[in-house]
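# Overview (structure and organization)
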Amino acid sequence: MKAFLSLLTRDLRLAARDGGALGTAFGFFLIVVALMPLGLGPDLNLLSRIAAGILWIALLLAALLSLGRIFETDHDDGTLEVLATGPLPLELVTTAKALAHWISTGIPLALLAPLLGILLNLELKAYPVLIATMLAGTPAVSFLGAIGAALTLKARRGGLLLALVVLPLYVPTLIFGIAAVSAAAGPDGLTASFLILSAISLAAVALGPWAAAAALRIQMQ
Amino acid sequence: MRRIATQPLQPTIFGVTAVQLIAEQLVINRGGRTIIEGLSFAVSSGEAMLLTGPNGAGKTTLLRGLAGFLPLQFGSVRLDGGDPDKSISEQAHVIGHANAVKPTLTVRENVVFWARYLMDDDEVDSRVARALTHFQLDDLEDYPAGYLSAGQKRRLGLARVLAAIRPIWLLDEPTVSLDTVSVGLLAAAVNDHTKNGGMVIAATHLPLGLERTKQLQLTASSARMESSQEIHL
């Protein structure tokens, strides 16, 4: 447990010191969302109808930018091999690193989303639901992303490959994330969509580390 | 392919009995080529084994195979004595070509992380202090590691072996970019380790001034190892 916590705090500290990763993700999120009204025209009804979808897609793309860093720097400087000789099984190493990614990138992006909702004329009563669904859905983004990051670790120009591997895995998260926000604006309030979204996240948290660890074992040979 | 006479097992600081690392009939492939073929040797507590041989002879491959990073095509590596619940790699420090140093963390934070991560006890502070002092990194401890010179970074990477106590050290070219003083520090650490019953396997080109050593010479002949011999120094 001590080893797990020390790895988690080290990753969070590295994320805070590097800064650039989160800054890039934030900037990208902002720009993608800001471009939408420019491209679609100032039709407020249209924008508010598609706001949830745009915010979710932009969040996935922004998170994608930072996924590569989960294992890449540790692999390049030899840290990953030493981590593998530690007391933690590789499954817990990947858990700690994906968790650190969620805390350092997923949560900040989810909290930034409502601010960008203003640009898209998102309905007022959808704001709490938007934050809730994004907080519930982003663990899946980090933990599924860790699988892709581990698989593409040694690939040259792995960034594009990473997008191809990971984005299809995000489809269920995207569908139910948007469905949950849309449903909340209707008469029923929070619905099954939110529960399914949470279930997807829990499944990703439970299974992602195993798949990522298996991929790392192959990559490290 | 001779077996080395085994030494009687004696108590050490690392456990009840001394450990012995025994490799038998190792075959390791790398990228489809057989790099190590039919190699057997044994190293006991208190011994340092130097791997020598030309570039490409398989020194790194052998060390990575022992550490469990590369699959063995054939043969076995086992540990007599030691902690039966842990794999060899969990009882070994592996110092590879890369230093595993984070540039944005300070020197002390780097060492503290490895001390905490690799070993769970309440003596983290004393182990960190020992590692920093031995490798003469005291003055640099609050300095971000990214600003260190190559030799200082190497010393910081090596400090890991003292930051956590493990019986087996697998060192791959540990002296790269070290000056003569630093090589002396490393040799002192290795000699201390073997004196206390530890075991060291090091691939190196330099005579390090080590005590209690033996040598395993790997030869490269069309990237295959034809024979191996052990010499007691």
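Residues numbered from 1 in each chain as written. Chains lettered and ligands numbered in written order. Predicted model: local features only at pLDDT ≥ 70, side-chain atom pairs only at ≥ 80, totals over all residues. Heavy atoms only, no water.

## Regarding the overall build of chain A
The test is simple: A run of H or I in DSSP becomes a helix once it reaches four residues, and a run of E becomes a strand once it reaches two; helices and strands are each numbered from the N terminus. Note that the radius of gyration is over C-alpha atoms, with the globule rule given as 2.2 Å times the number of residues to the power 0.38. Only protein chains enter the calculation, and the probe is 1.4 Å; a residue is then buried if its accessible area is under 20% of its type maximum, exposed if over 50%, and partly exposed in between. Here, two residues are considered to be in contact whenever any of their heavy atoms come within 4.5 Å of each other.
Helices and strands together make up the secondary structure of chain A, namely ten helices and zero strands. Starting at the N terminus and walking to the C terminus, you meet the elements of chain A as α-α-α-α-α-α-α-α-α-α. Its C-alpha atoms give chain A a radius of gyration of 18 Å, near enough to 17 Å, the size a compact globule of 221 residues would have. The principal-axis extents of the C-alpha atoms in chain A amount to approximately 55 × 35 × 30 Å. Counting all 221 residues of chain A, 51% fall into the buried class. Pairs at least 24 apart in sequence give 81% of the contacts found in chain A among residues at least 6 apart.

## Here's the deal with the interface of chain A and chain B
Accessible area lost upon the coming together of the parts is a frequently used measure of interface size. We count it as follows: In short, buried area is how much 1.4 Å probe accessible area vanishes from two parts on joining, totalled over both. Each salt bridge in this description consists of a side-chain nitrogen of Lys or Arg and a carboxyl oxygen of Asp or Glu lying within 4 Å of one another. Contacts described as polar in this section are N or O atom pairs within 3.5 Å, which, within protein, must combine one atom able to donate a hydrogen with one able to accept it, while residues neighboring in sequence count only if both atoms come from side chains. Basically, the charged four are Asp, Glu, Lys and Arg, the nonpolar ten are Ala, Val, Leu, Ile, Met, Phe, Trp, Tyr, Cys and Pro, and anything else, Gly included, counts as polar.
Each partner contributes to the interface: chain A provides 25 residues, whereas chain B provides 28 residues. The largest contributions to the chain A side of the interface with chain B come from Lys2(A), Thr85(A) and Gln221(A), which together make up 27% of the buried area. Our count for the contact surface shared by chain A and chain B stands at six salt bridges. Linking Glu81(A) and Arg64(B) is a salt bridge whose minimum nitrogen-to-oxygen distance equals 2.7 Å. For the pair chain A and chain B, the number of links is ten residue pairs in polar contact (both at pLDDT 80 or more). Per-element tally for the side of chain A that touches chain B: the top contributor is helix α1 (residues 2-18) of chain A, with nine residues. Residue composition of the side of chain A that touches chain B, by class: nine nonpolar, seven polar and nine charged.

## What to know about the side chain of Gln219(A)
Residue position: Gln219(A) is located in helix α10 (residues 192-219). With sequence-adjacent residues up to four places away left out, Gln219(A) is seen in contact with Ala150(A), Leu151(A), Thr152(A), Leu153(A) and Lys154(A).

## Here we look at the pattern of salt bridges
With the rule as written, the count across this model stands at 16 salt bridges over all chains. Residue Arg78(B) is joined to Asp80(B) by a salt bridge in which the shortest nitrogen-to-oxygen separation is 3.3 Å. Two residues, Glu141(B) and Arg108(B), come together in a salt bridge whose shortest N-O distance is 3.4 Å. Placement of the pair is Glu141(B) in the loop between α3 (124-134) and α4 (150-158) and Arg108(B) in helix α2 (residues 107-118), with a sequence separation of 33 residues. Arg108(B) gets classed as partly exposed once you look at its relative accessible area, which sits at 29%. The network of salt bridges with shared partners includes Arg10(A), Asp11(A), Asp74(A), Asp77(A), Lys97(A) and Lys102(B).

## Considering the packing of helix α2 (residues 20-40) of chain A against helix α3 (residues 44-67) of chain A
All names here are of chain A. Rules: An axis is simply a line fitted to the C-alpha atoms; with a helix, the fit covers only the stretch in contact. Between two such axes, the angle follows the N-to-C directions and lies from 0 to 180 degrees. Here is the rule for angles: anything less than 35 degrees is roughly parallel, anything more than 145 is roughly antiparallel, 65 through 115 is roughly perpendicular, and the remaining ranges are oblique. Take the far helix as the reference: if the near one is turned anticlockwise from it by less than a right angle, the crossing is left-handed, and if turned clockwise, right-handed.
Running from N to C, α2 and α3 cross one another at 150°; their axes reach a closest spacing of 9 Å. By the criterion of interaxial angle, the relationship of α2 to α3 is roughly antiparallel. Relative to α3, the crossing made by α2 is right-handed. Residues Thr 24, Ala 25, Phe 28, Phe 29, Val 32, Val 33, Met 36, Pro 37 and Leu 40 of α2 form the contact with α3, whose own contacting residues are Leu 46, Leu 47, Ile 50, Ile 54, Leu 55, Ala 58, Leu 59, Leu 61, Ala 62 and Leu 65. Here the residues of the contact of α2 with α3 are counted per class, giving 18 nonpolar, one polar and no charged.

## A closer look at the nonpolar core
Heads up, the rule is: Residues grouped as a nonpolar core are buried Ala, Val, Leu, Ile, Met, Phe, Trp, Tyr and Cys residues, joined through side-chain atoms within 4.5 Å.
One finds Phe29(A), Phe71(A) and Tyr117(B) to be the most contacted residues of the largest nonpolar core, which totals 73 residues. The contacts of Phe71(A), once residues within four sequence positions are left out, are Leu80(A), Thr94(A), Lys97(A), Ala146(A), Ala149(A), Ala150(A), Leu153(A) and Leu216(A). Formed by 36 residues, the second largest nonpolar core is a distinct cluster that contains Val101(B), Val128(B), Ala131(B) and Ala159(B).

## As for the packing of α1(A) against helix α6 (residues 90-117) of chain A
Residues and elements named next belong to chain A. Running from N to C, α1 and α6 cross one another at 35°; their axes reach a closest spacing of 9 Å. Note on packing geometry: the crossing formed by α1 with α6 is right-handed. Contact residues: α1 offers Phe 4, Leu 7, Leu 8, Arg 10, Asp 11, Leu 12 and Ala 15, while α6 offers Leu 92, Val 93, Thr 95, Ala 96, Lys 97, Leu 99, Ala 100, Ile 103 and Ser 104. Split by residue class, the contact of α1 with α6 holds eleven nonpolar, two polar and three charged.

## Some details on the environment of Leu135(A)
All names here are of chain A. The residue Leu 135 is located in helix α7 (residues 127-151) in this model. Residues Leu 135 and Ile 196, 61 residues apart in the sequence, show an inter-C-alpha distance of 14 Å. Leave out the neighbours within four places in its chain, and Leu 135 touches Trp 102, Ile 107 and Ala 110.

## Observations regarding the sheet that holds strand β1 (residues 20-30) of chain B
All names here are of chain B. Spelled out, the test is: In this analysis, strands are considered paired if DSSP registers two or more bridges between them.
One open sheet accounts for three strands, arranged β2-β1-β4; its pairing is antiparallel. Looking along the sheet, the strands with just one partner apiece sit at the ends: β2 (33-44) and β4 (74-80). In this sheet, adjacent strand axes meet at a mean angle of 15° when their direction is disregarded. Sheet topology places β1 next to β4; six bridges connect them, and they run antiparallel. Bridging across to β4, Leu 21 finds its partner in Leu 79. Those strands touched by helix α1 (residues 59-67) are β1, β2 and β4, and its axis lies near 120° from that of β1.

## Some words on the pairing of strand β6 (residues 168-172) of chain B
Residues and elements named next belong to chain B. Spelled out, the test is: By convention a crossover is right-handed if, when the strands point away from the viewer, the path from the first strand over the helix to the second runs clockwise.
Most of β6 is tucked away: five of the five residues are buried. The two faces of β6 match: Ile 168, Leu 170 and Asp 172 on one face and Trp 169 and Leu 171 on the other face are all buried. By the bridge criterion, four bridges tie strand β5 (residues 92-95) to β6 in an arrangement that is parallel. Bridging across to β6, Ile 95 finds its partner in Leu 171. Since β6 and strand β7 (residues 199-203) lie parallel, the crossover through helix α6 (residues 180-195) that links them has a hand, and here it is right-handed.

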